[in-house]
Amino acid sequence: MKKVSVSFTLNGDPVTADVPVTWTLLKTLREYFELTGAKEGCGVGECGACTVLVDGKAVNSCLYPIPEVEGRSVTTIEGIAEKDGTLHPIQKAFLENNGVQCGFCTSGMIMSAKALLDQNPDPSEEDIRKSIAGNFCRCTGYVQIVESIQMAAKLKE
Amino acid sequence: MPDYLFVGKSIPRTIEADKVTGKAVYINDLRRPGMLYGKILYSTHAHARIKRIDASKARRLQGVRAVLTGRDIPDVRVGFLKDQTVLKKDVVRQFRDEVAAVAAITPEIAEEALSLIEVEYEPLPAVFDPIEAMKEGAPLVHETDARGRPVKSNILPLPWKFSVGDMEQARKEAAFVTKDHVSTTWVNQCCMGTSGCVAEFDQSNNLTLYSPTNVIFGHIGRISEYFSRIGLAGKKIRVVNPVVGGSFGTKLDTDIYEFIAIQLALNTRKPVKILFDREEEFRALPPRQPAVFTIEQGCDREGRLVFRHCEAVLDNGAYTSWGATTPSVMIMPMSSLYRVPNVYFKATCVYTNNIYAQAMRGYGNPQATFAVETSMDSLAEAAGIDPAEFRLINRNQPGDETPMNLKITSCGLEECIRAVKERLQWDEKKKARQKTRGLGMASLIHVAGGARVTKSDGHGIMVKLDEFGHVDVIESGTDQGQGSPTVISQIVAEALGVRPEDVFITFGDTALALWDAGTHASRHTFMAGNAALIACAKAKRQILDMAVDIIPKIVKLNFKRMKRKDPGFAEPDLDYGLIADPEDLDIRDRMIFPKKEPDHPYFRVPISDILRNGLHVGIGESRVVAAEAFYDPPTEMLNREMKGNLSMTYAFGTTGVEVEVDEETGDVRILNLVAAHDVGKAMNPTLLLGQIYGAGYTGVGYGLTEEIKVRNGRVMNPSFRDYQMLTAMDVVPIEPVIVEPDDKDGPYGAKGVGEPGLVPTAPAIANAVYDAIGVRIRDLPITPEKILTALKQKKGGMNV
């Protein structure tokens, strides 16, 4: 399998991955860097469990070809808490307000929320729902996820 | 009201912080040294004879470590009625039949190997409609039963029948009678984490299976039975849960893919992982099955139910898993939702060449309640009684014993119905009707205090404290995201006198845990809670026994120190009688104190001081604190007549919905959904709401959008794109109402609540749609197409 060497910033650190050219960003994160927070829920960009940030934008990493990451900045769920372990306000809010149940969608959900709040610190409920429209959840009915993101917006103020 | 520190409080899910940081290890993330990846080759026919399998090319592919077909493993039957083998050797009976399996060093190689396996089939006549399948002369899905005896019919040998009272007499007495035909469809559980497991043998052929099952000990039972037939009798089996990405019924049975992983691991001597992709999840995981009901009910002039008569046919698919037993749960709403003296219910499960069925949240209850509550609305209308009033007239009440012998203890159904009426402004809106808007409601009964479906409904728990006051809890149940880690830590903290953050819980490991009947049937809080109360009382007694010895020693040692520092120190005259008996002491918020003088300046001692001083003493005197409990409630298994008080208590609830129906497009908009639930006591209100919201949403999907489209046995929509699960853009304004009658048998008064929220949602919507536009959709889901068709028929003068 033809390999490619891709250099980019991962959770603030410069990294290089030597992986098969056909790999996706998700596979690279999970297999090469052993960052398994981003999940494969469908593998075809429908469920959002694999959401990470590329240059601040939420993307489905299961569809994102690894060569496209060259020179970009990737943030995953593992990279948003403080170095000392202090949780990001969105992470705190999800625990506080039961935005997590089984947790499988949570990494993607939080990353979509982060992309939103970084752009729009005071979003409406509709803005929030739009931002997670591509993140599926079977446990929560989304209600407490939306509330968690609203709470996170307040915590960040 | 007792002054609880933690019970009843919305303690955050901090104990699950790994889930918000990406650290939690799901089966998807689990990797063992030398692990191989297993993949399954499925049938390409609904019913066919396997003429030839050639796996030689696959075996030669570099990186492949094993290729197994039905000819390579022992011919052992598995499943509820032992009606299938792990790999199918001669005949396939459904599209998802497993005909071969591969283990390779990467998933990609395993996938490639599958494509190299050649299978030649000779198609056989197939049957896809359960009604057709019941007819004489229909193609037989199985030619023989598990013992090899020829069978004549596709009807499963499961006589699900319930009959109480005098139906003939009741029909005569009824002033009003209605009859409805209703039907429900296949729905997928849609766990966000796809299914998977890792099977690993040690050198002596003892198995460790990393599996997300919610019935870890049931797994051991089934696998050990399998082992006894493949020459591994007596080998130790350990089942370990990873973090579980949703369950909803899918993890109740030991799935075929798990047996395949075990066979591949045995064959390769390596750990083998099988992980489903989403398409497999839709095609090859047993879903909730379709059912058709013919339900008749009658009531007297005052609106009191006189009888309920219902016959159901369930499409079982080609093999049996727990789906075939869902009628046992259907009997509960059929016999016991509302007071009804004469009941007849018969369910026939039929083999077809469709995908076979499993459990899903609510088991058979959502299907049966859709039938009962559709009929309740029809009958209320026939009797000229408001549907809410009709339900109030017939409501279950505390102290009732139902025709199924369920003993109703606490019952908040009346409050639930009234709450729904009030929140929806039922009476006002019924008077001032708005065109195309309508109100509907439906109620539920469900087990909420365990469910004795096997001989033991027990639940084991172990509690131990270390010298720092940390509490380790070894829970026999499993955590699939329902919030148990937090709720159990609240209960343990309250009962022991520590804080929730002192409690560390291990779930889902058969090597550590005692025993449990499974984290199913909405039973975990009730069962684990009660077990925890017993274990904690024992552990607490041990601590207090030590405290009686140790507190005086600590106090005297302190006085000695003080005297050394200050020779003038005068030892106060203390009443040591306050702490002479463990009964006189209590523990709260990490502190031990005399009950009579909780703030005593000398006798109030941190729990860790006692634990440390108890452990580090000397030979023959050191003590550890550990206790276990096995709680098995005094309930009954269903007898041959399908009667028995199988749960300690029952959950009740009512969902009311206001909808607006667009008569041009057929779209149903939910304007308000009130979900009132009798939960006994809310242990953690925020987490409880999460159960009601989540189950309610799944119920809305069941009512309006979700359907696995199965055509001639094949799943036509095996993706999220085509299977319409609700997204965050589908705004459903759910307003939960918590009714707390405090159950006498529940831990701190709690009842189970995991499944109830789903149960009444779809019929409440259907009833609201009828109220809005005058057409009753009796077939789930209530799609715009069905509404438009029904409206057209109505305008054309047809009766719907």
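Residues numbered from 1 in each chain as written. Chains lettered and ligands numbered in written order. Predicted model: local features only at pLDDT ≥ 70, side-chain atom pairs only at ≥ 80, totals over all residues. Heavy atoms only, no water.

1. Focus on the packing of helix α6 (residues 216-229) of chain B against helix α7 (residues 256-268) of chain B
Two quantities define a packed helix pair, namely the angle between the axes and the distance from one axis to the other.
Residues and elements named next belong to chain B.
And then number 1: Where α6 contacts α7, the two axes come as close as 12 Å, and the packing angle between them is 50°. By the criterion of interaxial angle, the relationship of α6 to α7 is oblique. Here α6 and α7 pass one another in a crossing that is right-handed. In this structure, α6 uses His219, Arg222, Ile223, Tyr226 and Phe227 to contact α7, whose residues at the interface are Glu258, Phe259, Ile262 and Gln263.
And then number 2: A breakdown of the residues in the contact of α6 with α7 according to their chemical character gives five nonpolar, two polar and two charged. (Axes fitted to C-alpha atoms, helices over the stretch in contact; angles between N-to-C directions. Helix = DSSP H or I, 4+ residues; strand = E, 2+ residues; numbered from the N terminus. Parallel < 35°, antiparallel > 145°, perpendicular 65-115°, else oblique. Left-handed = near helix turned anticlockwise from the far one by under 90°. Contact = heavy atoms within 4.5 Å. Nonpolar A, V, L, I, M, F, W, Y, C, P; charged D, E, K, R; others polar.)

2. Examining the pattern of salt bridges
All names here are of chain B.
And then number 1: Overall, the coordinates contain 66 salt bridges over all chains when judged by the stated rule.
And then number 2: Glu98 is paired through a salt bridge with Lys88; the nearest N and O atoms lie 2.8 Å apart. Here the residue Glu98 occupies a position in strand β7 (residues 98-104), and Lys88 occupies one in the loop between β5 (84-85) and β6 (91-92), the gap between them amounting to 10 residues. For the pair shown, Glu98 and Lys88 are each scored as buried.
And then number 3: Between Arg304 and Glu302 there is a salt bridge, and its shortest N-O distance comes to 3.5 Å.
And then number 4: Overall, Arg304 belongs to the partly exposed group, its relative accessible area being 45%. (Salt bridge = Lys/Arg side-chain N within 4 Å of Asp/Glu carboxyl O. Buried < 20%, exposed > 50% of the residue type's maximum accessible area, 1.4 Å probe, protein only.)

3. Considerations on the domain arrangement of chain B
Residues and elements named next belong to chain B.
And then number 1: One can read the domain layout of chain B as domain 1 (31-124 + 195-275), domain 2 (291-453 + 637-795) and domain 3 (458-631).
And then number 2: One C-alpha centre belongs to domain 1, the other to domain 3; they are set 45 Å apart.
And then number 3: Taken together, the contacts link 15 residues of domain 1 with 16 residues of domain 3.
And then number 4: Interface area, domain 1 with domain 3, both sides summed: about 1200 Å², of which 59% is carbon and sulfur.
And then number 5: Between Asp509 and Arg238 there is a salt bridge, with its nearest N and O atoms 2.6 Å apart.
And then number 6: Put simply, domain 1 and domain 3 have four residue pairs in polar contact (both at pLDDT 80 or more) between them.
And then number 7: Counting residues per element, the side of domain 1 that touches domain 3 draws most heavily on strand β13 (residues 237-240), at four residues.
And then number 8: The residue inventory of the side of domain 1 that touches domain 3, partitioned by class, reads nine nonpolar, five polar and one charged. (Domains from an automatic or database assignment. Buried area = accessible area lost by both parts, 1.4 Å probe. Polar contact = N/O pair within 3.5 Å; in protein donor to acceptor, adjacent residues only side chain to side chain.)

4. A word on the sheet that holds strand β23 (residues 591-594) of chain B
All names here are of chain B.
And then number 1: Strands sit in the order β22-β23-β24 across an open sheet of three strands; the sheet is antiparallel. Where the open sheet ends on each side, the last strands, each with one partner, are β22 (585-588) and β24 (605-606).
And then number 2: Bridge analysis of β23 against β24 gives two bridges, and the strand direction is antiparallel. Bridged to Ile592 within β24 is Val605.
And then number 3: Along the sheet face, helix α15 (residues 524-565) touches β22, β23 and β24 and points at about 105° away from the line of β22. (Pairing = 2+ DSSP bridges.)

5. Quick look at the domain arrangement of chain A
All names here are of chain A.
And then number 1: You can read the domains of chain A as domain 1 (3-78) and domain 2 (89-156).
And then number 2: Computed over C-alpha atoms only, the centres of domain 1 and domain 2 are separated by 21 Å.
And then number 3: Contact with domain 1, which involves 17 residues of that partner, is made by 12 residues of domain 2.
And then number 4: Summed over both partners, the interface of domain 1 with domain 2 buries about 1100 Å², with 64% contributed by carbon and sulfur atoms.
And then number 5: Our count for the contact surface shared by domain 1 and domain 2 stands at zero salt bridges.
And then number 6: Put simply, domain 1 and domain 2 have five residue pairs in polar contact (both at pLDDT 80 or more) between them.

6. Here's the deal with a positive patch on the surface
And then number 1: A cluster of basic residues, Lys560, Arg561, Arg564 and Lys565 of chain B, forms a positive patch at the surface.
And then number 2: Using a relative accessible area of 65% as the deciding quantity, one classes Arg564 of chain B as exposed. (Patch = residues over 30% accessible without salt bridge, like charges linked within 9 Å, V, L, I, M, F, W, Y side chains within 5 Å. Areas by Shrake-Rupley, 256 points an atom, 1.4 Å probe, with all protein chains shown as cover. Lys, Arg positive; Asp, Glu negative; His and termini not counted. Charge placed at Lys NZ, Arg CZ, Asp CG, Glu CD.)

7. Remarks on the packing of aromatic side chains
And then number 1: Taken as a whole, this structure holds 19 aromatic pairs over all chains when the rule is applied.
And then number 2: Pairing Tyr576 of chain B with Phe603 of chain B gives two aromatic rings, centres 5.4 Å apart and planes at 50°, and the pair type is tilted. Remark: Phe603 of chain B occurs in the loop between β23 and β24 and Tyr576 of chain B occurs in the loop between α15 and β22; sequence separation between them is 27 residues.
And then number 3: Among the aromatic residues, those joined into a ring-pair cluster are Phe136 of chain A together with Phe282, Phe720 and Tyr723 of chain B.
And then number 4: Across the ring face of Tyr319 of chain B, the terminal group of Lys88 of chain B is positioned such that the distance to the ring centre comes to 5.4 Å.
And then number 5: The residue whose ring lies beneath Arg776 of chain B is Tyr770 of chain B, and the NZ or CZ to ring-centre distance is 4.0 Å. (Phe/Tyr/Trp six-rings, centres within 6.5 Å; stacked < 30°, edge-to-face > 60°. Lys NZ or Arg CZ within 6 Å of the ring centre and 35° of its normal.)

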